[in-house]
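# A closer look at the structure
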Amino acid sequence: MIRIGYGYDSHRYKDGEYIIIGGVKISSQRSIVAHSDGDILIHAICDALLGALGKGDMGSYFDDSKKYKDIDSSFFLKEIIQMVVNDGYEIVNIDTTIIAEKPSISKHADKIEKSISSILGINKEQVNVKSKSNDKLGYVGRYEGIEAHVSLLIERI
């Protein structure tokens, strides 16, 4: 049996020095406003995996308590991939799109793919990272925030 998952996350920006995308620290004049480290890509992958399993979303498992304050988002992904494995599935592929005016994500795509595949214990070829600008439209275009979209496929082993 195969199952498809879709995930989405967005966050506001604040003045800062870097953002974290897919576990990769990227220099930026803006930082992400979040309770955890604000890694929107990992959050979207988590929601996509939970959706493929039919198990709700991250908010069902992780709250905004002190326990998760400023936590590395790879913690969430490792917890959720264990659910995937426990339910007898494995990841077939993950396709992602990050929407941001700045910083440029495309030059970091290879490093992000390596990071995500390492966290998940899958081959880098199973992870694809794309980036788009929003052509100066909306909150992303005004450099007020950033978005991530994820589609993935899991298969029962």
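Coordinates for the structure precede this section.
None of these values were measured; they are calculated from a predicted model.

Scoring rules and cut-offs
Residues numbered from 1 in each chain as written. Predicted model: local features only at pLDDT ≥ 70, side-chain atom pairs only at ≥ 80, totals over all residues. Heavy atoms only, no water. Pairing = 2+ DSSP bridges. Helix = DSSP H or I, 4+ residues; strand = E, 2+ residues; numbered from the N terminus. Right-handed = clockwise from strand over helix to strand, strands pointing away. 1 Å grid on protein atoms, 1.4 Å probe; cavity = no way out; pocket = protein on both sides within 12 Å on 5 of 7 lines; lining within 4 Å. Points joined across faces, edges and corners; volume = space filled by probe spheres on them. Nonpolar A, V, L, I, M, F, W, Y, C, P; charged D, E, K, R; others polar. Phe/Tyr/Trp six-rings, centres within 6.5 Å; stacked < 30°, edge-to-face > 60°. Buried < 20%, exposed > 50% of the residue type's maximum accessible area, 1.4 Å probe, protein only. Salt bridge = Lys/Arg side-chain N within 4 Å of Asp/Glu carboxyl O.

## Overview of the pairing of strand β6 (residues 127–132)
Pairing of strand β5 (residues 89–99) with β6, which is carried by 6 bridges, proceeds in the parallel orientation. Across the sheet, Ile-99 pairs through a bridge with Lys-132, a residue of β6. Tracing the backbone out of β5, into helix α3 (residues 109–120) and back to the parallel element β6 gives a crossover that is right-handed.

## Comments concerning the layout of surface pockets
Approximately 250 Å³ is the volume found for the largest pocket. Lining of the largest pocket is provided by 14 residues; of these, His-35, Ser-36, His-43, Met-58 and Phe-62 occupy positions nearest its centre. Among the secondary structure elements, those contributing two or more residues to the lining of the largest pocket are β1 (2–15) and α1 (40–53). Class assignment of the residues belonging to the lining of the largest pocket gives a composition of 5 nonpolar, 5 polar and 4 charged. In this structure, the second largest pocket encloses a volume near 210 Å³. Looking at the second largest pocket, the residues that line it are Lys-14, Tyr-18, Ile-19, Ile-20, Ser-31, Ile-32, Val-33, Ala-34, Ser-36, Asp-37 and Asp-70. Put simply, the parts of the chain that give the lining of the second largest pocket at least two residues each are β2 (18–21) and β4 (30–32).

## Side note on the packing of aromatic side chains
Aromatic ring pairs are described here by two measures, namely the spacing of the ring centres and the angle between the planes. This model, assessed by the stated rule, comprises 5 aromatic pairs. A ring pair is formed by Tyr-13 and Tyr-143, whose centres lie 5.2 Å apart and whose planes are at 65°; its orientation type is edge-to-face. In this pair, Tyr-13 sits in strand β1 while Tyr-143 sits in the loop between α4 (138–141) and β7 (145–156), placing the two residues 130 residues apart along the sequence. Since its relative accessible area comes to 6%, Tyr-13 is described here as buried. For Tyr-143, a relative accessible area of 16% gives the class buried. An aromatic cluster is built from Tyr-61, Phe-62, Phe-75 and Phe-76, whose rings are joined through pairwise contacts.

## Brief notes about the pattern of salt bridges
Counted under the stated rule, the structure contains 7 salt bridges. With a closest N to O distance of 2.8 Å, Lys-130 and Asp-95 form a salt bridge. With Lys-130 in strand β6 and Asp-95 in strand β5, this pair connects stretches of sequence that are 35 residues apart. On the basis of relative accessible area, Lys-130 is assigned to the partly exposed category, the value being 28%. Given a relative accessible area of 29%, Asp-95 falls into the partly exposed group. For the salt bridge of Asp-110 with Lys-114, the shortest nitrogen-to-oxygen distance reads 3.1 Å. Note that Asp-110 and Lys-114 are positioned in helix α3 at a spacing of 4 residues, about one turn of the helix. By relative accessible area, which is 47% here, Lys-114 ends up partly exposed. In this structure, a network of salt bridges that share partners links the residues Asp-110, Glu-113, Lys-114 and Lys-124.

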